[in-house]
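# Summary of the model geometry
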Amino acid sequence: MPQLIGVDVGGTFTDFLSFGPDGVRAWKRLSTPLSPEIAVLAGLDGVRPERLVHASTVATNALLERRGPRTVLITTEGFRDVLEIRRQTRSELYDLEPTRRPHVVARGDTIPVHERMDAAGLPVIELEEREIAGVVQQALAIGAETFALSLLFSFRNPAHERRLAAALRAAGLDVSVSHEVRPEYREYERASTTAVNAFLRPVVRRYLGNLAASHPGVRIMQSSGGLASSALTSERPVTMVLSGPAAGVLGAIAVSAAAGYNDIITFDMGGTSTDVALCTGGVPQYRSATDIDGLAVHTPVVDVVTVGAGGGSIASIDRGGALEVGPQSAGADPGPACYGRGGPATVTDANLALGRLGTAPKLAGTMALDVTQARAALGELGDPAEMASAIVEVVNANMARALRAVSLERGFDPAQFTLVAFGGAGPLHACELAEEVGIPCVLVPGLPGVLSALGMVTAPESVERSAGILMRLDAGDAAARLRAAAEDLRQRTIDELRSEAVPVERVLWAADARYAGQAHEIRVNLEQPEAEAIAAAFHEAHERSFGFSAPDRVVEIVALRARAVGPLPPSPLRPLDSPPRPPARGEAADSPVTVIERVDLGPGSVMKGPAVVTQDDATTWVPARWAGHVDAYGNLILEPSP
Amino acid sequence: MTSEPGRLAVWNAWLASVAEEMGITLGLTAHSPNIRERRDYSCGVFDAEGRMVAQAAHIPVHLGAMPEAVRAVQALAPWQPGDVAILNDPFLGGTHLPDVSLVAPVFFRGVLVGFVSNRAHHADIGGMSSGSMPVASELIQEGVVIPPLRLVNGGIFNNELFALILRNTRTPDERRGDFEAQLAALRTGEQRLTGLCERYGLAVVRDMMDTLLRYTERLTRAAIEDIPDGEARAEDVLEGPAGELFPIRARVRVSGSEVEVDFAGTSPEQEVSLNAVAAVTRSAVGYCIRCLLPRGAPANEGSAWPITILLPEGSLVHARSGRAVSAGNVETSQRITDVVLAALRQLLPRTIPAASAGTMSNLTFGGRGPGGAPFAYYETIPGGAGAGPSRDGLSGVQTHMTNTANTPVEAIESGFPVRIRRFELREGSGGRGVHRGGDGVVKEVEFIVDANFALIANRYITAPQGVDGGEDALHGQAAIVSQDGTERNLPPLSHGRMHAGATLRIETPGGGGWGPPPSPPMSGP
């Protein structure tokens, strides 16, 4: 087997996972946030694997911290404040002093352009050559490092944007152009996505440039779950902003598919937040619209629902006597009370007090956790044992809401799925959650801590492009326009993937559609990009999601999406060849709870709850009435006992 | 479940999510941009006595008004499974005619659990002008009035009633789609609520509904106790179509954990649509108190229990049956909020920000498109938020009683024969101060065909006030600019005809400033 390495740059650690002739190996380096490539290169230590795949939170953090270059918006005259006004709403209904995070473009840092297209894509105000010259001159005078260009109705007719972009680029300016980044309707969302792309370009280009200089073939994980070259990613860094959660979902798919589970819900519970995603047939759900920190960022992303609660979430009692858990987190310092640094009562303290972390639990295998401190902090809220149970119930109720959101609310029956639990706290809560939501089976991967890196090395190469169409399917020229758009998309995605020296395995189609007159579209997967297929898929999706459809009503397409996909890399996962083991035996004879070390388990091991399975990067809680076994790949499979 | 604190948290989340999921269904399936893009709708869950136990509100003006709808339909009892009631009568459970409420009883194994309800603002409900937000002198001119009636009777849809309602609107196809979305949302709510009963049993659900009401009451009382006891009065004005100034007066008395708000001295009701029904006034007062509660507090009726509201009958804040009310919901509610907050500001110094824009700037227009198809459009235009003790006010944002999103320019122009020429911030319209008030906006709408319009706004004569030495904001203004460039200014409430090629320009007020502005540098000799 050739060597594959996945590298995941996180805020604290940079994780490496290698599959090769010498088996599977995982290691870590401290991250170097100012120049993340330093830790990556140091960790690779001169090794040149056949395949190097990389994901990082560099773009995400730059965006969240607004740490990046001055970014200037160039837009149609009359709309210079599109990024200030946004959708004119406030995020909190009952806030005496409402606030909004600033956009990446400062108010007024805008160049208006005298031009205008109408809804049919016809120019109402022509873009004159001297206007182009004037805009270029202003842009040069401003001297910003990066520009975003987004004109009204450019998704319908990009002619004005094209001419202006060509002139700006000819003048040596770095410009992100809306019809290239996101050629779809809704001017704020398109401008916002384009501005975020512009803002990230210099940051990502520098960093990936340094990385690619030593590893020219490095592949970069995208928010869509696909891979792309460092050159393409540097062009369109907005497509990698949510690559972290996507990689975790792909890793969960790789593990569960190898073990024979294709319909899964992933449950990744960390210290401060929890990510949940639903996958059918080994494929995640996608969406094309998302908000990050109050900014619209509309690119294809794996549909992950995030809840602001994790192991570090702080518990408190409000003035009406209700328990609150999160969204505040104790973080790493002071951390939960059980760290012994004066921290507050958290979910981790509750689990510790309930005995769900084993007999002598340690943080990351080293630092001992202090159960006395945990009980003391819980005691400040009420009876410690009662509070510990209540905290777990409240946090489980919040998680259950997220699980229902990705399943029931989208027309999927949880009883048909397996819950794949990972992250430091996921396996602690998985069984009770599965019970609560009606999921019959839980899978805890053998190495839950490196699933993201595994997801990277098993991700296919892909390129997704979209075309904003906004057309009723009964329009006279609907078939012709669809055909033209599809052919253009097919050609562009195939060419782009081939330009990355990747063979094209298939082209997947999706459309955003709605009933003519509706204002919200649903994304549906298509066999073929044809009107009838779109209508049929849309009626069915509407029926499944909302319980009714109207087959006699005209369907309107908003956007067509093509994704060219390369071959799936072979899974590096192999059945373990260790011999079957006897049933696991716990050590704590005086407790009804069996405590088992994960390293003592092998294929064929069985256990009965209540039991705690401990390992360095995660702990699994097997409640009473549940039983488990270890499968051929070292996964822990848990089910209610009959 | 183990403990009371845990039960409160968990059930608060569960009941809230029943309402939220109804809202998701309604938003995702609605037809008109007004409902989907602008999210001008709310959903609520009620117990068997009709008390609201959870609400997903996108706009606060629905907060205190939804319980009235559920109370009003009780005249139709006894209920059977599969019933759905409909109403928009402002004097029988409604607020203004475009807001149409649907209410359905929810049964579990044949026993009434409670009710689910939703209310959505329809872009046209008939009456004397497109968009049903006219400058009217009596209710009957504002649209079709629907008293509480069964739209579905034991699962049998009342096609005759539905046909009558649709026939009285300008855009029946769009209305049909929006009503279907409202019905779908009720089904979602019914499924989620009966799902809770299946998992936990009817008795537990009923008990938790009651427990959550009392929990919210406790939170509200705790917040009121933080206000020093005392009494304060405030007064402001609403502007009429001919420049009349109608006073709104409030006396707020805080005593322990209770508040009394008395509107004695407020202007009598008028022959113009500025009259508010009592439910609107209760919503506005409830909003002001609700802003003092911690984030995440449940939205239920328990928060109203410690508040006593005294409303002079036949006044602008408690109109009598038959009065025109379309602007009471959207304009008078904003002024009531300004007045109550101004009184609270005296009791709670350094907490309540300066006045915000104080108007929703409602624009409706409609007519027939180039192909002859009817159209009706409604939107509200944002202003500036008042500056507060800790920061500048936001610019170009919906404030206080509304939070509806804009319809994208690329959506408006794809669906309506207009062109938006300009939609940007109105520089310098916020009041200066240590903290600046937010700026309002300028919006210019050019008409491609002849059309009717109505503009219901306010703060064209008086300005949103600054606080503690902060300067007032600029007041709003609007004008029709004809093709030859001549301009005609419009009063705060106006309606008329736009000719193809003419442009309507609307400039909204900013928010007031906070604290004395830094003095400009001394100029040299």
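Residues numbered from 1 in each chain as written. Chains lettered and ligands numbered in written order. Predicted model: local features only at pLDDT ≥ 70, side-chain atom pairs only at ≥ 80, totals over all residues.

### As for the overall build of chain B
Inclusion rule: Helix numbering and strand numbering both begin at the N terminus, where a helix is a DSSP run of H or I of at least 4 residues and a strand a DSSP run of E of at least 2. What the globule rule says is 2.2 Å times the number of residues to the power 0.38, and the radius of gyration is computed from C-alpha atoms. Using C-beta atoms placed from the backbone, we call a residue buried if 20 or more other C-beta atoms fall within 10 Å of its own, exposed if 12 or fewer do, and partly exposed for counts in between.
When you go through chain B residue by residue, the secondary structure sums to 9 helices and 20 strands. Taking 24 Å as the expected radius of gyration for a compact globule of 525 residues, we find that chain B reaches 23 Å, a close match to that expectation. The 525 residues of chain B split such that 66% are buried.

### Quick look at the overall build of chain A
Cut-off, in case you're wondering: Whether two residues are in contact depends on their C-beta atoms, placed from the backbone: they are in contact if these lie within 7 Å.
From N to C terminus, chain A includes 16 helices and 36 strands. Compactness check: chain A gives a C-alpha radius of gyration of 26 Å against a globular reference of 26 Å for 642 residues, within 12% of the reference. Projected onto its principal axes, the C-alpha coordinates of chain A cover approximately 85 × 55 × 50 Å. Taking all 642 residues of chain A together, 55% fall into the buried category. Within chain A, residue pairs in contact and separated by at least 24 positions form 65% of the contacts whose partners lie at least 6 positions apart.

### So, the domain arrangement of chain B
Residue and element names in this part refer to chain B. Under the convention used in this document: Where each domain begins and ends follows an automated or database-derived domain assignment. Here the nonpolar group is Ala, Val, Leu, Ile, Met, Phe, Trp, Tyr, Cys and Pro; Asp, Glu, Lys and Arg are the charged ones; every other residue, Gly included, is treated as polar.
Splitting chain B by domain gives domain 1 (4-218) and domain 2 (353-525). If you look at the interface, domain 1 gives 20 residues, while domain 2 gives 25 residues. For the side of domain 1 that touches domain 2, the class distribution of residues is 8 nonpolar, 6 polar and 6 charged.

### Thoughts on the packing of helix α5 (residues 172-200) of chain B against helix α6 (residues 202-225) of chain B
Where we set the bar: Axes here refer to lines fitted to C-alpha atoms; in helices the fit is confined to the stretch in contact. Angles between the N-to-C directions go from 0 to 180 degrees.
Running from N to C, α5 of chain B and α6 of chain B cross one another at 120°; their axes reach a closest spacing of 7 Å. Of the residues in α6 of chain B, those touching α5 of chain B at Leu-196, Cys-197 and Tyr-200 of chain B are Leu-202, Val-204 and Val-205 of chain B.

### Examining the confidence of the model for chain B
Stated precisely, the cut-off is as follows: Known as pLDDT, the predictor's per-residue confidence is scaled from 0 to 100.
Here chain B averages 94 in pLDDT, while 98% of its residues score no lower than 70. Across the interface, the model reports ipTM at 0.93; the global pTM reads 0.92.

### Details of the sheet that holds strand β20 (residues 503-507) of chain B
Backbone-to-backbone hydrogen bonds pair the strands of a sheet. The strands run either parallel or antiparallel. Residue and element names in this part refer to chain B. Threshold: DSSP-based pairing: two strands are paired if at least 2 bridges between them are found.
In space, the 5 strands of this open sheet follow the order β14-β15-β20-β17-β18, with antiparallel pairing throughout. Each end of this open sheet is capped by a strand with a single partner; those strands are β14 (418-425) and β18 (487-490). When the angles between neighbouring strand axes are averaged without regard to direction, this sheet yields 15°. Pairing of strand β17 (residues 477-481) with β20 involves 5 bridges; the strand directions are antiparallel. Each residue of the ladder has a partner; that of Val-481, found in β20, is Thr-503.

### Focus: unusual backbone geometry
Of the consecutive residues Gly-609 of chain A and Pro-610 of chain A, the connecting peptide bond is found in the cis state with omega at 0°. In the segment running from Ala-77 of chain B into Pro-78 of chain B, the intervening peptide bond is cis, with an omega of 5°. Relative to the helices and strands, Pro-78 of chain B is located in the loop between α3 (66-72) and β3 (84-87). Its identity as a non-glycine residue notwithstanding, Arg-86 of chain A has a phi of 55°, on the positive side. Along the chain, the position of Arg-86 of chain A falls in the loop between α3 (82-85) and β6 (110-113). Unusually for a residue other than glycine, Arg-186 of chain A sits at a positive phi of about 95°. With respect to the helices and strands, the residue Arg-186 of chain A is situated in the loop between α6 (178-181) and α7 (187-214).

### A short note on the domain arrangement of chain A
Residue and element names in this part refer to chain A. Once the domains are mapped, chain A shows domain 1 (4-64 + 205-244), domain 2 (71-198), domain 3 (261-459 + 636-642) and domain 4 (462-565). Spacing between the C-alpha centres of domain 2 and domain 4 amounts to 26 Å. Contacts between the two partners involve 4 residues from domain 2 and, on the opposite side, 6 residues from domain 4. Split into classes, the residues belonging to the side of domain 2 that touches domain 4 amount to 3 nonpolar, no polar and 1 charged.

### Let's talk about the pairing of strand β4 (residues 51-56) of chain A
All names here are of chain A. Burial runs high along β4: 5 of the 6 residues are buried. In terms of strand pairing, strand β1 (residues 4-9) meets β4 through 6 bridges, oriented parallel. Residue pairing for β4: Val-9 is matched across the bridge by Ser-56. Here β4 pairs with strand β11 (residues 219-221) via 2 bridges, running parallel. Considered in β11, the bridge of Val-53 is made with Arg-219.

### A word on the interface of chain B and chain A
With 69 residues of chain B at the contact, the number on the chain A side is 54 residues. Where the side of chain B that touches chain A is concerned, the elements lending two or more residues are α1 (4-29), α2 (33-36), α5, α6, α9 (409-415) and β14 of chain B. Considering every element that reaches the side of chain B that touches chain A, the biggest residue donor is α1 of chain B, with 16 residues. Split into classes, the residues belonging to the side of chain B that touches chain A amount to 33 nonpolar, 19 polar and 17 charged.

### Topic: α5 of chain B
Because an α-helix completes one turn every 3.6 residues, residues spaced three or four positions apart along the sequence face the same direction. Defined as follows: The span expected for a helix works out to 1.5 Å for each residue beyond the first.
Taking 1.5 Å per residue, 29 residues should reach 42 Å; α5 of chain B reaches 42 Å between its end C-alpha atoms and fits that length. Looking at the residues trailing α5 of chain B, positive phi occurs at Gly-201 of chain B, about 90°.

### Considerations on the environment of Gly-310 of chain A
Its location among the elements puts Gly-310 of chain A in the loop between β20 (305-307) and β21 (313-317). In this structure the C-alpha to C-alpha distance between Gly-310 of chain A and Ile-596 of chain A, which are 286 residues apart in sequence, comes to 24 Å.

### Notes on the nonpolar core
Across soluble globular proteins, nonpolar side chains have a tendency to be buried as a group. Heads up, the condition is: A set of buried Ala, Val, Leu, Ile, Met, Phe, Trp, Tyr and Cys residues, joined to one another through C-beta atoms within 7 Å, is what we call a nonpolar core.
Within the largest apolar cluster, 354 residues are counted, with the highest numbers of intra-cluster contacts made by Ile-391, Leu-419 and Ile-534 of chain A together with Val-340 of chain B. Per-element tally for this core: the top contributor is helix α12 (residues 384-406) of chain A, with 13 residues. The residues contacting Ile-391 of chain A, other than those within four sequence positions of it, are Ala-315, Leu-323, Val-325, Val-347 and Ala-350 of chain A. Ala-354, Ala-387, Val-467 and Trp-514 of chain B belong to the second-largest nonpolar core, a separate cluster that totals 5 residues.

### So, the sheet that holds strand β12 (residues 362-368) of chain B
All names here are of chain B. Strand order in the open sheet made by the 4 strands is β13-β12-β16-β19, with antiparallel pairing throughout. Edge positions in the sheet fall to β13 (374-380) and β19 (493-498), since each of these pairs with one other strand and no more. Strand-to-strand twist of the sheet, defined as the mean angle between neighbouring strand axes without regard to direction, takes the value 10°. As judged from the 5 bridges shared by β12 and strand β16 (residues 451-456), these two strands associate in the antiparallel manner. Bridging across to β16, Leu-363 finds its partner in Leu-455. Here helix α8 (residues 326-347) sits on the sheet and contacts β12, β16 and β19; the angle it forms with β16, its principal contact strand, is near 45°.

### Describing the packing of helix α4 (residues 129-142) of chain A against helix α5 (residues 159-170) of chain A
All names here are of chain A. This is how the line gets drawn: Relative orientations are named as follows: roughly parallel for angles under 35 degrees, roughly antiparallel for angles over 145 degrees, roughly perpendicular for angles from 65 to 115 degrees, and oblique for any other angle. Left-handed describes a crossing whose near helix is turned anticlockwise from the far helix by less than a right angle; the clockwise case is right-handed.
Look at α4 against α5: their axes get within 10 Å of each other, and the N-to-C directions meet at 45°. Here α4 lies oblique to α5, going by the angle between them. Classified by chirality, the crossing of α5 by α4 is right-handed. On α5, the residues that touch Ile-132, Val-135, Val-136 and Ala-139 of α4 are Arg-163, Leu-164, Ala-167 and Leu-168. When its residues are assigned to classes, the contact of α4 with α5 shows 7 nonpolar, no polar and 1 charged.

### A short note on the environment of Pro-49 of chain A
Residue and element names in this part refer to chain A. Residue placement: Pro-49 occurs in the loop between α1 (36-44) and β4. For Pro-49, a count of 20 C-beta atoms within 10 Å puts it in the buried group. Sequence-wise, Pro-49 and Phe-19 are 30 residues apart; in three dimensions their C-alpha atoms are separated by 9.6 Å. Setting aside its immediate chain neighbours within four residues, Pro-49 contacts Gln-3, Leu-4 and Ile-5.

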